[in-house]
Amino acid sequence: MRFYPVFLSITFFFVACQSKEIVKAPKRPNILFIMSDDHAYQAISAYSKKLINTPNIDRIAREGLLFTNACVTNSICSPSRAVILTGKHSHLNGKIDNRFPFDTTNISFPQILQDNGYQTAMFGKLHFGNSPKGFDQFRILPGQGTYYNPDFITKNEGEIKIEGYTTDIITDMTLDWLEAERDTSKPFFLAYLHKAPHREWLPAERHYQEFIKKTFPEPETLFDNYDGRGRAAHEAEMNLLTHMNWAGDSKIYPEVMDELGIPQTANWDKQGFEREVGRQTPTQRAAWDAVYRPMNEEFKKSYPTMTKKELMSWRYQRYMQDYLGCIAAVDEGVGKVLDYLDKNNLTENTIVVYTSDQGFYLGEHGWFDKRFIYDESFKTPLMVRWPGVIKPGTNNTQMVQNLDYAQTFLEAAGVTAPDDMQGESLIPLFKGDTANFRDAVYYHYYEYPAVHMVKRHYGIVTEEYKLVHFYDDVDEWELYDRKKDKNEMKSVYSDPAYAEVVKDMTAKLAALRIKYKDNEELDKKYIDLYKTDQ
Ligand code: SGN
Ligand code: CA
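Residues numbered from 1 in each chain as written. Chains lettered and ligands numbered in written order. Predicted model: local features only at pLDDT ≥ 70, side-chain atom pairs only at ≥ 80, totals over all residues. Heavy atoms only, no water.

1. Points about the overall build of the protein
Going by this rule: Runs of E in the DSSP output that reach at least two residues are strands. Runs of H or I that reach at least four are helices, and both are numbered from the N terminus. For a compact globule the rule gives 2.2 Å times the number of residues to the power 0.38, and the radius of gyration it is set against comes from C-alpha atoms. In this scheme, a residue with accessible area under 20% of its type's maximum is buried, one over 50% is exposed, and one in between is partly exposed, where area comes from a 1.4 Å probe on protein chains only. Throughout, a contact is declared for two residues whenever any of their heavy atoms are within 4.5 Å. Each accessible area is a Shrake-Rupley estimate made with a 1.4 Å probe; only the visible protein chains count as cover when residues are assessed.
Looking only at helices and strands, the protein features 18 helices and 14 strands. For 534 residues, the compact-globule estimate of 2.2 N^0.38 gives 24 Å, and the C-alpha radius of gyration of the protein, at 24 Å, lies within 12% of that figure. Overall size of the protein, expressed as C-alpha extent along the three principal axes, is 85 × 65 × 45 Å. A buried classification covers 60% of the 534 residues belonging to the protein. Put simply, 68% of the contacts in the protein that link residues at least 6 apart link residues at least 24 apart. Put simply, the protein shows about 22,000 Å² of open surface, and 53% of that area lies on carbon and sulfur atoms.

Okay, here's the thing in structure tokens:
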């Protein structure tokens, strides 16, 4: 009997050598897709150490591939998610903005994975106005969701409310599914989707206590006056000083605003505070007040004598304390899920992706929010770990887009992607083969007029230049020299020295519009949609 295991392994070796199938047939990889909402790459230490340390998220880059020029096609939440799931630009999948529900007749890659033997699950924020198709299990936040004691729309339990902190709850749901519901006979696609760090930025108790004491370096362009750019930058309503809510965002209590005579920034300013802070249990609220009341008291003392410049700096610090505090919980959650993979022997055969639905302004150009084709919102974090395929600790500078994920995952699963998907598989890039990848990307933003008032625009971005056309209630073009003007402070569209570049980029943009099947008729159709449905 003592020799039995030896005998077994010899037999297995023999059979394995005889039958190439057993040795060669690759196991289809699991896919863990982690996405947070509005997580700027500036707030991930794998990209920049200026603001926060995110050791767990960084681990994915350290053990995998960090994309330094990943970008989106339309920098706003649900459109980005629709692009990811369908592999098609907004004008073709129809989800041009946050307002109209996603058209579920679109075919999404999780449906295809499910049809091809993958077990699929989604937890967290989707923001589609309807439930996801192609998922064996899901628990999603209604709309934007809330930070404390969230409601969930579920596949099997109706609508439920769970007490606790949303980021932690989404992490626990993900871990519980892996532990209790995973079908070990199938590969999985698991979408672990954080609400954090979306506005109105409420950190967990353990993090606000720590982050409220911190001070962060200001970005170079915090006091931008938008000279050098057109009407779109001037007229956007995303400025920290003038458009950020006092109660909802900066957490000045509504009664303190009244006492100081500070008017609401928007009519949902105080409402935003109630919607979020007002959801806390008495215990959570007492803990919150113990930290945020003293901050309000300090502010009451200093506000009357503060200059506009001082106020801007103060609002920036307040913003960063809460925004980055929210990210701390995301990073912890990612760490727990990666540890689970390690402990359960899943690391080797699981592709792990960390990304956001778009980039975000962290005070650059004086802004918060996103929407623009300008770099901070156009670019998005992206890192991928795939042991045995991706060499650990590598970087890639190609302009990959959220449009590419669907085809990438389908190829990884060994499934042919539908012909009408518009991205490019990233698998050659994973293997270090960067030849033949696209050298220009197409971008198109629609949600206007709407919150933050960023005008409609489309454009083309290459490594060197960015050409943008703002349209609808304006007709303006901008050109940026990305190498010489990293902060995009001055459009050189009318500079004679760039006449050739303008000509060349305009032709390339027209060609991209044709390639991706976008055109003026569609632009008009989507403008008219707003006229008939205000
Ligand atoms: C809310 C936010 C906006 C944000 C949109 C879209 N306002 O309307 O600041 O741009 O969501 O965000 S809030 O005061 O209600 O938070 S997205 O991530 O869903 O696109
Ligand atoms: Ca978002």
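2. Structural notes on the site of ligand 1
Which entries qualify depends on this criterion: Throughout this document, a residue counts as near a molecule or strand when at least one of its heavy atoms sits within 4 Å of that molecule or strand. For the purposes of these results, a polar contact is taken to be a pair of N or O atoms within 3.5 Å, where, inside protein, one atom must be able to donate a hydrogen and its partner to accept one; residues adjacent in sequence count only when each atom of the pair is a side-chain atom. Only Asp, Glu, Lys and Arg are considered charged, only Ala, Val, Leu, Ile, Met, Phe, Trp, Tyr, Cys and Pro nonpolar, and every remaining residue, Gly among them, polar.
Not every one of the 18 residues close to ligand 1 is listed here, only the nearest: Arg-199, Trp-268, Asp-369, Arg-371 and His-452. A distance of 3.0 Å separates an oxygen atom of ligand 1 from a polar atom in the side chain of His-198. One of the side-chain nitrogen or oxygen atoms of Glu-200 is found 3.3 Å away from an oxygen atom of ligand 1. Tallied by class, the residues present in the shell around ligand 1 amount to three nonpolar, six polar and nine charged.

3. A look at the environment of Leu-522
Inspection of the secondary structure assignment puts Leu-522 in helix H18 (residues 520-532). Distance in space between the C-alpha atoms of Leu-522 and Asn-436 is 30 Å, their sequence separation being 86 residues. Among residues more than four places away in sequence, those in contact with Leu-522 are His-91 and Lys-517.

4. A few points about the coordination of the calcium ion (ligand 2)
Under the convention used in this document: Excluding water, the donors of a metal are its N, O and S neighbours within 2.8 Å, or within 3.2 Å for Na, K and Ca, and that exclusion means sites may look incomplete. Square planar and octahedral sites, with four and six donors, are those where opposite donors lie more than 155 degrees apart and all other angles lie between 65 and 115, tetrahedral sites have four donors with every angle between 85 and 135 degrees, and the rest are irregular.
Taken together, Asp-37 (OD), Asp-38 (OD), Asp-357 (OD), Asp-357 (OD) and Gln-358 (OE1) make up the protein donors of the calcium ion (ligand 2), found 2.1 to 2.8 Å from the metal. Angles of 49 to 173° at the metal separate the six donor atoms of the calcium ion (ligand 2), which places the site in the irregular class. One chain supplies every donor for the calcium ion (ligand 2), spaced along it as D-D-x318-D-Q. Residue Asp-38 is located in the loop between strand S1 (30-36) and helix H3 (55-62), and its partner Gln-358 is located in the loop between strand S8 (350-356) and helix H14 (375-378); the two are separated by 320 residues in the primary sequence. Here the two residues Asp-38 and Gln-358 agree in accessibility, since each one is buried.

5. Notes on the sheet that holds S8
We count it as follows: A pair of strands counts as paired when DSSP detects no fewer than two bridges linking them. In this analysis, axes come from line fits to C-alpha atoms, helices being fitted only over the stretch in contact, and the angle between any two N-to-C directions falls in the range 0 to 180 degrees.
A sheet is described by the order of its strands in space; here ten strands give the open sequence S6-S5-S4-S3-S7-S1-S8-S9-S2-S10, paired in mixed fashion. Bordering the open sheet on either side are strand S6 (159-161) and strand S10 (394-396), each of which pairs with just one other strand. Between one strand and the next, the sheet's axes are offset by a mean angle of 15°, whatever the strand orientation. In the sheet, strand S4 (residues 137-140) pairs with strand S5 (residues 151-154) via two bridges, with the strands oriented antiparallel. The partner of Ile-140 across the bridge, within S5, is Ile-153. On top of the sheet, H3 reaches S1, strand S2 (65-67), S8 and strand S9 (382-385); it is set at about 65° to S9, its chief contact.

6. A short note on the sheet that holds strand S11 (residues 440-445)
Spatially, S11-S12-S13-S14 is the arrangement adopted by the four strands of the open sheet, whose pairing is antiparallel. The sheet terminates laterally at S11 and strand S14 (476-481), the two strands that pair on one side only. Neighbour to neighbour, the strand axes of the sheet diverge by 15° on average, direction disregarded. When S11 meets strand S12 (residues 457-462), the two strands line up antiparallel, connected through six bridges. Bridge pairing in S12 links Val-441 to Val-461. Along the sheet, helix H17 (residues 499-515) contacts S11, S12, strand S13 (465-470) and S14; its crossing angle with S12, the most-contacted strand, is approximately 110°.

7. Some points on the side chain of Asp-369
Looking at the element boundaries, Asp-369 is found in the loop between S8 and H14. Asp-369 sits in the buried class, given a relative accessible area of 5%. Within the structure, the side chain of Asp-369 is placed 3.5 Å from the side chain of Lys-370, a separation counted as a polar contact. In terms of polar contacts, Asp-369 uses its side chain to reach the side chain of Arg-371, at 2.6 Å. If we skip the residues at most four places from it in the chain, Asp-369 touches Met-238, Phe-360, Tyr-361 and His-452.

8. Focus on the domain arrangement of the protein
By convention, interface size is frequently given as the accessible area that disappears when the constituent parts associate. To be explicit about the condition: The domain boundaries here were taken from an automatic or database domain assignment. Accessible area, probed at 1.4 Å, shrinks when two parts are joined; the buried area is that loss added up over both. Note on definitions: salt bridges are taken to be side-chain nitrogens of Lys or Arg within 4 Å of carboxyl oxygens of Asp or Glu.
Taken domain by domain, the protein comprises domain 1 (30-201 + 331-436), domain 2 (207-320) and domain 3 (445-533). Each of domain 1 and domain 2 was reduced to a C-alpha centroid, and the two centroids are 29 Å apart. Taken together, the two surfaces of domain 1 and domain 2 that pack against each other cover about 2,800 Å², and 54% of this comes from carbon and sulfur. The largest share of the area that domain 1 buries against domain 2 comes from Tyr-148, Glu-200 and Phe-368, three residues that together contribute 26% of it. The interface formed by domain 1 and domain 2 holds three salt bridges in total. The salt bridge involving Arg-279 is made with Asp-151; its shortest N-O contact spans 3.6 Å. Connecting domain 1 to domain 2 are 19 residue pairs in polar contact (both at pLDDT 80 or more).

9. Digging into the packing of aromatic side chains
Stated formally: A pair of Phe, Tyr and Trp rings is counted when the ring centres sit within 6.5 Å of each other, with Trp represented by its six-membered ring. The angle between the planes then sorts it: under 30 degrees is stacked, over 60 is edge-to-face, the rest tilted.
Scanning the model with the defined rule gives 43 aromatic pairs in all. On the numbers, 4.8 Å between centres and 50° between planes, the contact of Trp-201 with Tyr-319 is tilted. In this pair, Trp-201 is assigned in the loop between strand S7 (188-193) and helix H8 (205-211) and Tyr-319 in helix H13 (residues 308-343), connecting sequence segments 118 residues apart. Of the residues examined, Trp-201 reaches a relative accessible area of 0% and is grouped as buried.

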